[in-house]
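The lines below spell out each chain.
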Amino acid sequence: MLKNYFKVAWRNLKKSMLYSFVNIIGLTIGVTSCILISLYIESELSYDRFHKNADRIVRITMEYSNGGTIGKYAQTGTRVGPQLKRTFPAVADFVRTFKFPRVIAYRSKVFNEKKFLYADSSLFNVFSFVLTRGNPSHVLNAPNQLVITESMAKKYFGNEDPIGKTLLIANSDNYIVTGIVQDAPGNSQIQFDFIASFTSLDVSKTEEWWTANDITYLLLNRSDQIPQLKEQVTNYMKTSGVRREARVEGNDYLTYHLEPLVKVHLYSSLDGFEPNGNITYIYILAAIAALIVFIACVNYTNLATAQSTGRSGEIGLRKVLGASRRELFVQLLGESVLLTFIALLLALVASIQLLPLFNHLTDKSLPASVLFYPLPLFSLFISGLVISILAGFYPAFVLSGAKLAGILKSGFSFSISGGKLRKSLIVMQFVISVFLIISTIIILQQLSFIQHKNLGFDKDHIVVLPVDYQMHRDYDEIKKTIRLNPHVIDVAGANQNPTFVQWGDGIHVDKGAEQKNLPIYCIPADLDFVKTLGMQIIAGTDFSPADMHLMDTVDNYRHYRYTFILNESALKAIGWKPQEAIGRTIEKDFPGNIKAVVKDFHFSSLHQPIGPLMIFLDTQYISQLFVKISGNDLTGTLNYLQKVWKERVPHRPFEFHFLDDDYNALYKVENRTSQIFGFFSTTAILLACLGLFALSAFTTIQRTKEIGIRKVLGASVFSVASLLSIDFLKLVVIASVIAFPLAWTAMHKWLQDFAYRIDISWLVFISAGLAAVLIALITVSLQAIKAANANPVKNLRSE
């Protein structure tokens, strides 16, 4: 019997090639989209779960309030990890990490390595990164020790044994290779090519609460201790001894939060060394995957019912020959199963073929082999059965339950309630489509806003070049030589990139009766930094050569003085007005005068409000050169810079990038998600159009004789086409009205993640509604015009 069912199902597929093709293509597109989205979601959800102790590891984040200004940072000071371990028995271990690009040389090989990580010796005790060579307890337990990845071992040493070899770091220090570690998995927050001992850093010699530059992790004895430890840390930071030690007074506070490691990537609003993902985007993509499959199932249902009017003779004859309703139901549902599993096989092939493109779109390296693991294959099989039932149940139920007398008399006649169901499904499809159109437009508008927002400094046409300590000896001459090119407007140096400042520090402000300690972001820079970056000074004057002479290092720095430029937010936190602040003295290790105040500029993602920032004159920390160029003869200018580099900086390769690339990297997640969202939104809209085509085909078949009569009575093609189209356009209008408030609510909530965002315009909703109507009109018109042009004699022959 099953063989017979299969034969009949196969004949029907071949008999109705158009309907079968549309059904299979619709389901294939839907399942392919679902497979690809599922791979992406699984990758995002798997972040850091490969660590053996993943459920016992937490990341510490810092929060403070100073004068009503609240700051939240992923970075902490050097004291946090050691002190919490000493204080709380629940803490088994800690590890501090600090990431900084370094120039690395071995013989004639010289590279600028961006994934250079400093970490405590406990790194391999806390995390499960696999050492292939070296003792985990000893590889980082002394200064100037270095663990390298397998790929870096091959890059620098080829077939040589790296252990015991020496690498020159930053042209100043020799580090001994003590271990080799497997490359960090792609689903790890901590990415590295090199891991150096934390004790190699000068900051490791002291413990500070406020100098926040490190990402700190704790390993707890048990995972169930996390909630209790959170409360204990909060209470500990409120004690008078800690507040006095951290110089926190009055209503100000300093505290720390614990974030479970496996939650950081998707749930934390604070980026570490790499941008985080966002669980909201995962929910959105999961919803899109479900909706795409839903739309594909609705299409099958509508197409199957539309096709069923041509099967009245077959079903009637089977009933006359004694076929039961159960047998007919199984046969018809079997057709759905056959068609669905054909689509599943095609979807599997399509997913494998599209995976390289999808990897490029998502910036991931998802392997095709994962699709052939037992669990994914089983999940795909179960999904196929579920889709078969969802798509095929209603047509099978209706067709198998039709009365024999009615079939033999006038064929199939579907109830009014059935018509309402089909129309409701179309409305739901276009609710989804209009929702996705609106969401996509608003996401693109926000990203455009980010791209074109005035940041408070000039990020365009600025070439960024690395600076190391060896270059400091010839620093001024390098700048002078670069300026000789007529297309170079100005040159400046700084330690921090203005698009994403990470140097955390603290200043002490003496206001007479009131003493203030303010956490602040810092940019050590040279004389020309403010001018080159186009920052706006609203009070005071820019740095001058005379300010350099104040940094007097003789007599053990006794007369050493800094010169500071603060932003508006820093003054607000202190409680001064711009003009009032000029000439005032504040202290950061050494005292210094406030020389100027710059207008607030965005030195981090637009997700975050602008916080206190200080630019101070100090060329010994400069690590980047910013070359502002005219943009004319770009190739020639870059060739000139490369020539200067080879002459003046022969010890390191010429590498450059543009400042706006650094800015765009801050929104890598948003840009990537918008591309994924747009791609699958278009897919959903395309499938919705297929569904509309299905219903229009169904309606046209049901009204064939009515159309013939109207044509005989003199109706024009336009009037018949309008008659068939108007009902569908009403459905789209209803869908738009439903979708508008849903889309506004969802996008309003999404925009709240940005401290600086667009206002949602009503024009977006009007445009989306009109687009949906236009898409529907084109889709329906194809079928309506075809029906209107049909020969009425042929349609009325059986009457």
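Scroll up for the structure.
> Summarise the overall build of the protein chain; cite the residues concerned and give the values.
Helices and strands together make up the secondary structure of the protein chain, namely 28 helices and 24 strands. Counting only contacts in the protein chain whose residues sit at least 6 apart along the sequence, the fraction spanning at least 24 positions is 80%.

> Can you explain the pairing of strand 8 (residues 145–149)? Please cite residues and give values.
With 5 of its 5 residues buried, strand 8 lies for the most part within the structure. On strand 8, burial covers both faces: Gln145, Val147 and Thr149 on one face and Leu146 and Ile148 on the other are all buried. In this sheet, strand 10 (residues 173–181) lies alongside strand 8 in parallel orientation, the contact comprising 5 bridges. Bridging across to strand 10, Val147 finds its partner in Gly179.

> Can you tell me about the environment of Asp173, naming the residues and giving the values?
Within the element layout of this structure, Asp173 appears in strand 10. When its relative accessible area of 36% is taken as the criterion, Asp173 is described as partly exposed. Considering only alpha carbons, one finds Asp173 and Ser200, 27 residues apart in sequence, at a separation of 9.7 Å. Residues contacting Asp173, with those up to four places away along its chain left out, are Asn144, Leu167 and Leu168.

> Mind laying out helix 5 (residues 150–157), listing which residues take part and the relevant values?
For helix 5, the complete set of buried residues consists of Met152, Ala153, Tyr156 and Phe157. Viewed end-on, helix 5 has its buried residues packed into an arc of 105 degrees, placing them on one side of the element. Of the residues trailing helix 5, Gly158 is marked for its positive phi of about 60 degrees.

> How would you sum up the pairing of strand 16 (residues 504–510)? Please name residues and give values.
As paired strands, strand 16 and strand 17 (residues 515–525) are joined by 7 bridges and run antiparallel to one another. Residue His508 lies in a different strand from strand 17, and its bridge partner there is Asn517. Of the pairings in the sheet, the one linking strand 16 to strand 20 (residues 585–588) comprises 2 bridges and is antiparallel in character. Pairing of Val509 across the sheet is with Ile586, part of strand 20.

> Could you give an account of the packing of aromatic side chains, naming the residues involved and the relevant values?
Applying the stated criterion to the full structure yields 34 aromatic pairs. Summarising the aromatic geometry, the rings of Phe50 and Phe129 are spaced 6.1 Å apart at their centres and angled 55 degrees between planes, so their arrangement reads as tilted. Of this pair, Phe50 sits in the loop between helix 2 (17–45) and strand 1 (57–66) while Phe129 sits in the loop between helix 4 (123–126) and strand 7 (131–133), placing them 79 residues apart in sequence. Using a relative accessible area of 7% as the deciding quantity, one classes Phe129 as buried. Ring centres 4.8 Å apart and planes at 50 degrees place the aromatic pair Tyr560 and Phe590 in the tilted group. Placement of Tyr560 in the loop between helix 19 (554–557) and strand 19 (562–567) and of Phe590 in strand 21 (residues 590–598) is noted, with a sequence separation of 30 residues between them. An aromatic cluster is present here, built from Phe98, Phe100, Phe111, Phe116, Tyr118, Tyr156, Tyr175 and Phe194 joined pairwise through their rings. Between Lys155 and the ring centre of Phe111, over which it is positioned, the NZ or CZ distance is 4.1 Å.

The rules behind the values
Residues numbered from 1 in each chain as written. Predicted model: local features only at pLDDT ≥ 70, side-chain atom pairs only at ≥ 80, totals over all residues. Heavy atoms only, no water. Helix = DSSP H or I, 4+ residues; strand = E, 2+ residues; numbered from the N terminus. Contact = heavy atoms within 4.5 Å. Buried < 20%, exposed > 50% of the residue type's maximum accessible area, 1.4 Å probe, protein only. Pairing = 2+ DSSP bridges. Arc of directions from axis to C-beta. Phe/Tyr/Trp six-rings, centres within 6.5 Å; stacked < 30°, edge-to-face > 60°. Lys NZ or Arg CZ within 6 Å of the ring centre and 35° of its normal.

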